[in-house]
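Observations on the model geometry
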Amino acid sequence: MTINTVQTTAIEGQKPGTSGLRKKTRVFMQPHYLENFVQSIIDAIGGVKGKTLILGGDGRFFNDRAAQVILRMCAAQGAKHMIVGKDAILSTPAASNLIRKRNADGGFIMSASHNPGGETEDFGLKFNGANGGPATEGVTDKIFERTKEINTYRILETHDADLSAPGKLTMGEMEIEVVDPIADYATLMEQLFDFDAIRSLLQGGFRIRFDAMHAVTGPYAREILENRLGAAAGSVVNAKPLPDFGGGHPDPNPVWAKDLMEVMMGQDAPDFGAASDGDGDRNMIVGRGIYVTPSDSLAVLAANAHLAPGYQAGLSGIARSMPTSRAADLVAEKAGIGCFETPTGWKFFGNLLDAGKATLCGEESAGTGSDHVREKDGLWAVLLWLNILAAKKQSVQEIMQAHWAEYGRNYYSRHDYEAVPTEHANALVERLRGMLGELQGQVFAGLTVESADDFEYNDPIDGSTSSRQGIRIVFADGSRIVMRLSGTGTEGATLRVYLERYQRADGHLDLAVDDALAPVVKAAEEIAQIQKYTGRDEPDVTT
Ligand code: VG1
Ligand code: CO
């Protein structure tokens, strides 16, 4: 076996975004593309010599080839032990759990998450640190710097490792341990939740439907929901992971999980519906006849988490990404616990979780999680919901109504304008930045601007600052507009417009969301001239 040192040249555009590097699969398949990026990660973390690392991915097209390259590069550079999911598959939360449980130095996760997969779609790679969480901004900056100067990488010349069954192998001097991707994760879930109570619920006629969207959670959901908890066979649908996710967008929202929405809104709907994304870290929650926005879901989970054994001591605090609605803040305030507002992306929650400042975290994009791992976790959220439903013996609808009656309701929606020419999207944002100083006191669609800024986050734990994290406009009645550009897309720019309007508990709690938000939508258009800059009359996706 020979270690090859391969000459290469820096490749432009290898800057990790909100969650790792995502590109068209064919871009990743170009000569040296993946290798350059992997070497840059290895260099940025000070090498892998003697280290133990986790490797897995969501099973999308090129997952299998990329895994062999990463193994050969780690073997060439002295890694001691690689723990790999069977067939190089691990959901993102399962990978995070393995890093922590096995005291690994970090892990590679091959996924572009909610982005579509396939040879003509997207691929991605990210690195998580020893705490199990996404590399911090500091580390991703280092990786990017390294991609700009790299001129060689090292790789072992050898056969593919057989990852098709659990067991131990070697590659050069490196030990490879192939593990069952589900077992440790399922055990962790059993420790956190009251499986007996959930089992009684499910066996007492409570029907569920979990849509795995042909992505990585299918086998996890089958094992946990059907095999261990006794949900009726067939409760998990689209359970077979496919390299192209069956041609769909594995993004659990009412638009891309349309089938599930139709079933849940239809006649004889199950009591509870849920879906997860490509890599299993997102969740969508739907009750019979009621969609729960992710922001509301975070608030409800926070208010009721103590009903699950793993959280019975209560929460130390709650953290949410800035564009997520302020529903969780109201729960934190009432409970007298800490409340944190971070930039978009799970990497910003890691320090708060490590320091014990927050127990639950969430994002409006259907990501919820806790300190049990350092990633958002789709099935975890589903199980916490089921645990709460079992304990409260109420329907999803009743739980939501009671929640709003206690805290008031944050009507919320996100409008996405996808594949907008980058210059146009940048021009819109630049124009807004230039206007921020003058907005206060101005009236748009009857709403008076109380404050306007470009969100800057000062990490309370490590003191680092992340600026330009999104334009935030708050109105006197508590309504809010946030605008930012996506950091996960692979084509042009995606403008995300987040809209929120609060109604107090004694206000209107049962408006149609569109009606409730109409003035905020109008104000957003007046302020940002979205139609003019994007050339669109309406958003491509509304969630
Ligand atoms: C999106 C979401 C963000 C999430 C990120 C990764 O980022 O808005 O909340 O953390 O995806 O999720 P952006 O920059 O496109 O808005 V996942 O499940 O795709 O890794
Ligand atoms: Co994901």
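Residues numbered from 1 in each chain as written. Chains lettered and ligands numbered in written order. Predicted model: local features only at pLDDT ≥ 70, side-chain atom pairs only at ≥ 80, totals over all residues. Heavy atoms only, no water.

Turning to the overall build of the protein chain, a few remarks are in order. When its secondary structure is counted, the protein chain shows 17 helices and 27 strands. Relative to the globule expectation of 24 Å for 543 residues, the C-alpha radius of gyration of the protein chain, 23 Å, shows essentially globular dimensions. A principal-axis box enclosing the C-alpha atoms of the protein chain has dimensions of 70 × 60 × 40 Å. Residues classed as buried in the protein chain amount to 58% of the 543 residues present. Sequence-distant contacts in the protein chain: of pairs separated by 6 or more residues, those separated by 24 or more amount to 72%. Put simply, the protein chain shows about 20,300 Å² of open surface, and 46% of that area lies on carbon and sulfur atoms. Each charge class in the protein chain was averaged separately, 53 positive and 72 negative side chains, and the resulting centres sit 2 Å apart. (Helix = DSSP H or I, 4+ residues; strand = E, 2+ residues; numbered from the N terminus. Rg over C-alpha atoms; globule rule 2.2 N^0.38 Å. Buried < 20%, exposed > 50% of the residue type's maximum accessible area, 1.4 Å probe, protein only. Contact = heavy atoms within 4.5 Å. Areas by Shrake-Rupley, 256 points an atom, 1.4 Å probe, with all protein chains shown as cover. Lys, Arg positive; Asp, Glu negative; His and termini not counted. Charge placed at Lys NZ, Arg CZ, Asp CG, Glu CD.)

So, on to the site of ligand 1. Surrounding ligand 1, one finds 20 residues, the nearest of these being Thr18, Ser113, His114, Gly487 and Thr488. Residue glycine 487 places a main-chain N or O atom 2.6 Å away from an oxygen atom belonging to ligand 1. Of the residues contributing to the shell around ligand 1, the split by class is no nonpolar, ten polar and ten charged. (Near = heavy atom within 4 Å. Polar contact = N/O pair within 3.5 Å; in protein donor to acceptor, adjacent residues only side chain to side chain. Nonpolar A, V, L, I, M, F, W, Y, C, P; charged D, E, K, R; others polar.)

Attention now goes to the coordination of the cobalt ion (ligand 2). Within the protein, Ser113 (OG), Asp277 (OD), Asp279 (OD) and Asp281 (OD) serve as the donor atoms for the cobalt ion (ligand 2), at 1.9 to 2.1 Å. For serine 113, a relative accessible area of 3% translates into the label buried. (Donors = N, O, S within 2.8 Å, 3.2 Å for Na, K, Ca; no water.)

Within strand β13 (residues 283-287), five of the five residues are buried, which leaves the element mostly enclosed by the surrounding structure. The side-chain alternation of β13 yields two buried faces, one formed by Asn283, Ile285 and Gly287 and the other by Met284 and Val286. In this sheet, β13 lies alongside strand β12 (residues 272-276) in antiparallel orientation, the contact comprising five bridges. The partner of alanine 274 across the bridge, within β13, is isoleucine 285. Linking two consecutive strands that pair antiparallel, namely β13 and strand β14 (residues 290-292), is a turn of two residues; a positive phi of about 75° is found at glycine 289 within it. (Pairing = 2+ DSSP bridges.)

Tallied over the entire structure, the rule returns 40 salt bridges. The partner of glutamate 364 in a salt bridge is arginine 414, and the shortest N-O contact between them spans 3.1 Å. With glutamate 364 in the loop between β17 (360-363) and β18 (367-370) and arginine 414 in strand β19 (residues 409-420), the pair connects residues that are 50 residues apart, well separated along the chain. The class of glutamate 364 is buried, set by a relative accessible area of 6%. The network of salt bridges with shared partners includes Arg320, Asp329, Glu341, Asp453, Arg472, Arg480 and Glu500. (Salt bridge = Lys/Arg side-chain N within 4 Å of Asp/Glu carboxyl O.)

The next subject is the nonpolar core. If you look at the biggest cluster of nonpolar residues, it comprises 73 residues, and the most contacted ones within it are Met189, Phe193, Leu225, Phe272, Trp380 and Trp385. No other element matches the eleven residues that helix α13 (residues 378-392) contributes to this core. Shared between two domains, this core takes at least three residues from each, and those domains are domain 1 (2-179) and domain 2 (185-407). Residue contacts for phenylalanine 193: discarding those within four places in its chain leaves Ile198, Ala308, Pro309, Tyr311, Trp380, Leu383, Leu384 and Asn387. (Core = buried A, V, L, I, M, F, W, Y, C linked by side-chain atoms within 4.5 Å. Domains from an automatic or database assignment.)

Once that is clear, we can look at the domain arrangement of the protein chain. Domain annotation for the protein chain reports domain 1 (2-179), domain 2 (185-407) and domain 3 (409-542). Summarising the inter-unit geometry, the C-alpha centres of domain 2 and domain 3 are found 25 Å apart. Every contact between the two is made by 29 residues of domain 2 and, on the other side, 26 residues of domain 3. Interface of domain 2 and domain 3: buried area, both sides summed, is about 2,300 Å²; carbon and sulfur atoms make up 59% of it. Of all residues in domain 2, the largest losses of buried area upon contact with domain 3 belong to Met322, Arg326 and Trp404, amounting jointly to 27% of the total for that side. Put simply, domain 2 and domain 3 have three salt bridges between them. One can count ten residue pairs in polar contact (both at pLDDT 80 or more) joining domain 2 with domain 3. Looking at the side of domain 2 that touches domain 3 element by element, the count peaks at four residues for helix α14 (residues 396-407). Class assignment for the residues of the side of domain 2 that touches domain 3 results in 14 nonpolar, eight polar and seven charged. (Buried area = accessible area lost by both parts, 1.4 Å probe.)

Bringing the environment of leucine 485 into the picture now. Tracing the backbone through its elements, the reader meets leucine 485 in strand β25 (residues 480-485). Classification of leucine 485 as partly exposed rests on a relative accessible area of 25%. C-alpha of leucine 485 to C-alpha of asparagine 426: the two residues are 59 residues apart in sequence and 8.4 Å apart in space. Apart from residues lying up to four places away in sequence, leucine 485 is in contact with Ala425, Asn426, Val429, Thr494 and Leu495.

A few words now on the packing of helix α6 (residues 183-192) against helix α8 (residues 217-228). Relative to each other, α6 and α8 sit at 45°, their axes nearing to 10 Å. One finds that α6 runs oblique with respect to α8. The way α6 lies across α8 gives a crossing that is right-handed. Taking contact as the criterion, the partners of Tyr185, Ala186, Thr187, Met189 and Glu190 in α6 are, on α8, Tyr220, Ile224 and Arg228. Of the residues in the contact of α6 with α8, the class split is five nonpolar, one polar and two charged. (Axes fitted to C-alpha atoms, helices over the stretch in contact; angles between N-to-C directions. Parallel < 35°, antiparallel > 145°, perpendicular 65-115°, else oblique. Left-handed = near helix turned anticlockwise from the far one by under 90°.)

Considering the arrangement of structural elements, one finds lysine 376 in the loop between β18 and α13. Excluding residues within four positions of it along the chain, lysine 376 makes contact with Pro93, Asp281, Arg282, Trp346, Glu363, Gly367, Thr368 and Gly369.

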